[in-house]
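Structural overview
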Amino acid sequence: FFLSHLQRNMGPDQYTHTKKMGTLPTKQEAEGHADWKDAEHRMGTSIMAVQFKGGVVLGADSRTTTGSYIANRVSDKLTSVHDRIYCCRSGSAADTQAVSDIVRYYLDVHSAQMGEAPEVHTAATFFQKLCYDNKNALSAGIIVGGWDKHDGGSVYCIPLGGALVRQPFAIGGSGSTFIYGYCDANFKEDMTRDECHEFVRNALSLAMARDGSSGGIIRTAIIDENGVERFMLPGNQLPTFYEN
Amino acid sequence: MSGAGSGYDLSVTTFSPEGRVFQVEYAGKAVDNGVPSVGVACKDGAILAVEKPEETKMMLPGSNRRIFTVAKHVGMAVPGKLPDGRQIVSRAQQECENYKRFYGNTIPTKVLSDRLANYCHAFSLYWHLRPLGSAALTASYDDNGPHIYLSETNGVSYRYYGIAVGKGRQGIKTELERLKLGNMTCREALKTVCKCLIKQRDDQGSKKFEIEMAWICDESDRQFVRVPEDVAKEAEDAAKREIEQEDEDSSDMES
């Protein structure tokens, strides 16, 4: 369900998204529109976040493309919006950077006024407000994950239209379409921190193997009460599965 | 009181040589001379009570309400000038709604009372406005427990275990200080609050009073609602009986 790839809304009638679900990236297709003409930086991506007791694990690939050129093969799609709240960004790199910058600012002001750390739910609400109110202009699929003392670890998914859904785990980006089955089969409630980390790495590795728009290294971030720990798994050390 | 301002009290934008803004203080007097209102935070909730004299025999009981629901988890009593008070309630309701829409969460009471205090304060900054003659006595119950806040007309806002404003407030405050409110349930406290209010009446006997009560507690599912009529009546009657008992015994008040 959330998918964003090289197709964009075209034409004055903005009420129907031309983004198709589950389509492999083919540029020339989008209803007579030649995509390469205005190829911006996109993060055809594989992102995911999983909640465990006491925190969350966020993961992402590292490929940013301009058309078919990989503009950045080691990008960091896991962005901090507060001390213990991160977001995974997919879609237009510019749009998601702008939105997360604004959310970071709001959370800064809010936490200063409240005198305590903001809840993940609040951050997700800010993202939702921006993505929904500007849905016609934005191309941003975001997963918010973090820890707060009220709810512990939580994961929120904000797909293209600006809906807000809390889930035990969420996957996103073009590469996610290939791993729905794997994730549904292998996710278990109440996994430990390390089991979640392995789950994320395996799933992303599978997605990156099949999705042309995802690749590079796997970056992960584990957030709990004590803070954030970041990891990087180089491309030649990714978990491997069936390979011809 | 009259003449104390001697020329520095004509406008809200004028300081006196001692650094006082008399108009704001006079606005506070509107609250001080208003109907007695009490707010109390107990173990399992918070109570607001206002004692209204019967203005005229022709008025229906229950009219001229002084206690309003601002949001499900917050209620407010407005001692002082009632029309000004309604303005504050309206603003509070908007604040709650906006906060919910923007942050996705119910407004913490501290934030609400700070905003109302700022709102009241804003009226003291402009020549063409007058300060509001009403305070906001807020009761709420959220994850941090029951709260009572008073946002005054001059722009300060404090949290209280128990507070009284209006006529007879000094006597009521003295009574409240003796109580261990943190150990009482709302039901128990209701009776005590009624007692305080009844005791401070000028006992002319002929005047009728109506005590308006509302609470937010575990018993009301943590929603701010008017105290059910039977419970209210029971509390009032029990209070009256206790007062009569004390008058007979001339003994100290129970705590």
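Being a predicted model, the structure only gives us computed values, none of them experimental.

1. Topic: the overall build of chain B
Across its full length, chain B carries six helices and 10 strands. Rg of the C-alpha trace for chain B: 19 Å, near the compact-globule value of 18 Å for 255 residues, within the 12% margin. Summarising its shape, the C-alpha atoms of chain B cover approximately 55 × 50 × 40 Å along the three principal directions. Each of the 255 residues in chain B was classed as buried or not, and the buried ones make up 49%. Sequence-distant contacts, at least 24 apart, represent 64% of the contacts inside chain B between residues at least 6 apart. When the accessible surface of chain B is summed, it comes to about 13200 Å², and 48% of that surface belongs to carbon and sulfur atoms.

2. Structural notes on the overall build of chain A
When its secondary structure is counted, chain A shows four helices and 13 strands. Taking all 244 residues of chain A together, 53% fall into the buried category. Taking the contacts inside chain A whose residues are at least 6 apart along the sequence as the reference set, 62% of them involve residues at least 24 apart. Here chain A displays about 11200 Å² of accessible surface, and carbon together with sulfur accounts for 50% of that area.

3. With respect to the interface of chain A and chain B
In this complex, chain A contributes 11 residues to the contact, which on the side of chain B involves nine residues. Summed over both partners, the interface of chain A with chain B buries about 810 Å², with 59% contributed by carbon and sulfur atoms. Here chain A is connected to chain B by zero salt bridges. Connecting chain A to chain B are three residue pairs in polar contact (both at pLDDT 80 or more). Elements supplying a minimum of two residues to the side of chain A that touches chain B: helix H1 (93-114) and helix H2 (120-133) of chain A. A per-element tally of the side of chain A that touches chain B places H2 of chain A first, with five residues. Across the side of chain A that touches chain B, the residue classes tally to three nonpolar, six polar and two charged.

4. Observations regarding helix H5 (residues 186-199) of chain B
Each turn of an α-helix holds 3.6 residues, which means side chains three or four residues apart point in the same direction. Residue and element names in this part refer to chain B. Taking 1.5 Å as the rise per residue, H5 with 14 residues should run 20 Å; its terminal C-alpha atoms sit 20 Å apart, in good agreement. Across the 14 residues of H5, 10 count as buried, placing the element largely inside the fold. Those residues of H5 not exposed but buried are Cys186, Ala189, Leu190, Thr192, Val193, Cys194, Lys195, Cys196, Leu197 and Ile198. Lining the buried residues of H5 we find strand S1 (37-41), strand S2 (45-53), helix H4 (169-178), strand S9 (209-217) and helix H6 (229-249).

5. Section: the pairing of S9 of chain B
Residue and element names in this part refer to chain B. Summarising burial for S9: seven of the nine residues are buried, a large majority. Of the pairings in the sheet, the one linking S2 to S9 comprises nine bridges and is antiparallel in character. Within S9, the residue paired with Gly45 across the bridge is Cys217. Note: S9 against strand S10 (residues 225-226), two bridges, orientation antiparallel.

6. Points about the confidence of the model for chain B
All names here are of chain B. Looking at chain B, pLDDT values average 90 and 95% of them are 70 or higher. The spread of mean pLDDT over the elements of chain B runs between H6, the lowest at 89, and strand S4 (residues 74-77), the highest at 96. Across the interfaces of the predicted complex, the ipTM metric reaches 0.74, alongside a pTM of 0.79.

7. Comments concerning the environment of Leu137 of chain B
Residues and elements named next belong to chain B. Residue placement: Leu137 occurs in strand S5 (residues 136-142). Distance in space between the C-alpha atoms of Leu137 and Glu188 is 21 Å, their sequence separation being 51 residues. Not counting the four nearest positions on each side in its chain, Leu137 is found in contact with Ser37, Val38, Gly39, Leu48, Gly75, Met76, Ala77, Ile148, Tyr149, Leu150 and Ile163.

8. Side note on the side chain of Thr122 of chain A
Here Thr122 of chain A is to be found in helix H2. The exposure class assigned to Thr122 of chain A is buried, which follows from its relative accessible area of 2%. Sequence-distant contacts of Thr122 of chain A, defined by excluding residues within four places in its chain, comprise His110 of chain A together with Tyr103 and Asn105 of chain B.

9. Observations regarding unusual backbone geometry
All names here are of chain B. Here the phi dihedral of Asn64 falls at roughly 50°; this positive angle occurs in a residue that is not glycine. Within the element layout of this structure, Asn64 appears in the loop between S2 and strand S3 (67-71). Look at Arg222: it is not a glycine, yet its phi comes out positive at around 60°. Mapped onto the fold, Arg222 is located in the loop between S9 and S10.

10. A closer look at the sheet that holds strand S2 (residues 47-52) of chain A
Residues and elements named next belong to chain A. With respect to topology, five strands assemble into an open sheet ordered S11-S2-S3-S12-S13, the strand pairing being antiparallel. Among the strands making up the open sheet, the edge pair consists of strand S11 (169-172) and strand S13 (227-233). Averaged over all pairs of adjacent strands, the angle between their axes in this sheet comes to 10°, without regard to strand direction. As defined by bridge partners, strand S3 (residues 55-60) adjoins strand S12 (residues 218-224) across six bridges and the pair is classed as antiparallel. If you follow Gly55 over to S12, its bridge partner there is Asp224.

11. Concerning the pattern of salt bridges
Residue and element names in this part refer to chain B. Overall, the coordinates contain 26 salt bridges over all chains when judged by the stated rule. Arg201 is the partner of Glu51 in a salt bridge, and the nearest nitrogen-oxygen pair spans 2.3 Å. On the criterion of sequence distance, the pair formed by Glu51 in strand S2 and Arg201 in the loop between H5 and S9 is long-range, its members being 150 residues apart. With respect to class, Glu51 is no different from Arg201; both count as buried. A single network of salt bridges, built from pairs that share partners, joins Glu175, Lys191, Lys195, Lys199, Glu242 and Glu246.

12. Thoughts on the sheet that holds S2 of chain B
Pairing is antiparallel in the open sheet, where five strands are placed in the order S8-S1-S2-S9-S10 (chain B). Sheet topology places strand S8 (162-165) and S10 of chain B at the edges, where each strand pairs with a single neighbour.

Conventions adopted
- Residues numbered from 1 in each chain as written.
- Chains lettered and ligands numbered in written order.
- Predicted model: local features only at pLDDT ≥ 70, side-chain atom pairs only at ≥ 80, totals over all residues.
- Heavy atoms only, no water.
- Helix = DSSP H or I, 4+ residues; strand = E, 2+ residues; numbered from the N terminus.
- Rg over C-alpha atoms; globule rule 2.2 N^0.38 Å.
- Buried < 20%, exposed > 50% of the residue type's maximum accessible area, 1.4 Å probe, protein only.
- Contact = heavy atoms within 4.5 Å.
- Areas by Shrake-Rupley, 256 points an atom, 1.4 Å probe, with all protein chains shown as cover.
- Buried area = accessible area lost by both parts, 1.4 Å probe.
- Salt bridge = Lys/Arg side-chain N within 4 Å of Asp/Glu carboxyl O.
- Polar contact = N/O pair within 3.5 Å; in protein donor to acceptor, adjacent residues only side chain to side chain.
- Nonpolar A, V, L, I, M, F, W, Y, C, P; charged D, E, K, R; others polar.
- Expected span 1.5 Å × (residues − 1).
- Pairing = 2+ DSSP bridges.
- pLDDT = per-residue confidence, 0-100.
- Axes fitted to C-alpha atoms, helices over the stretch in contact; angles between N-to-C directions.

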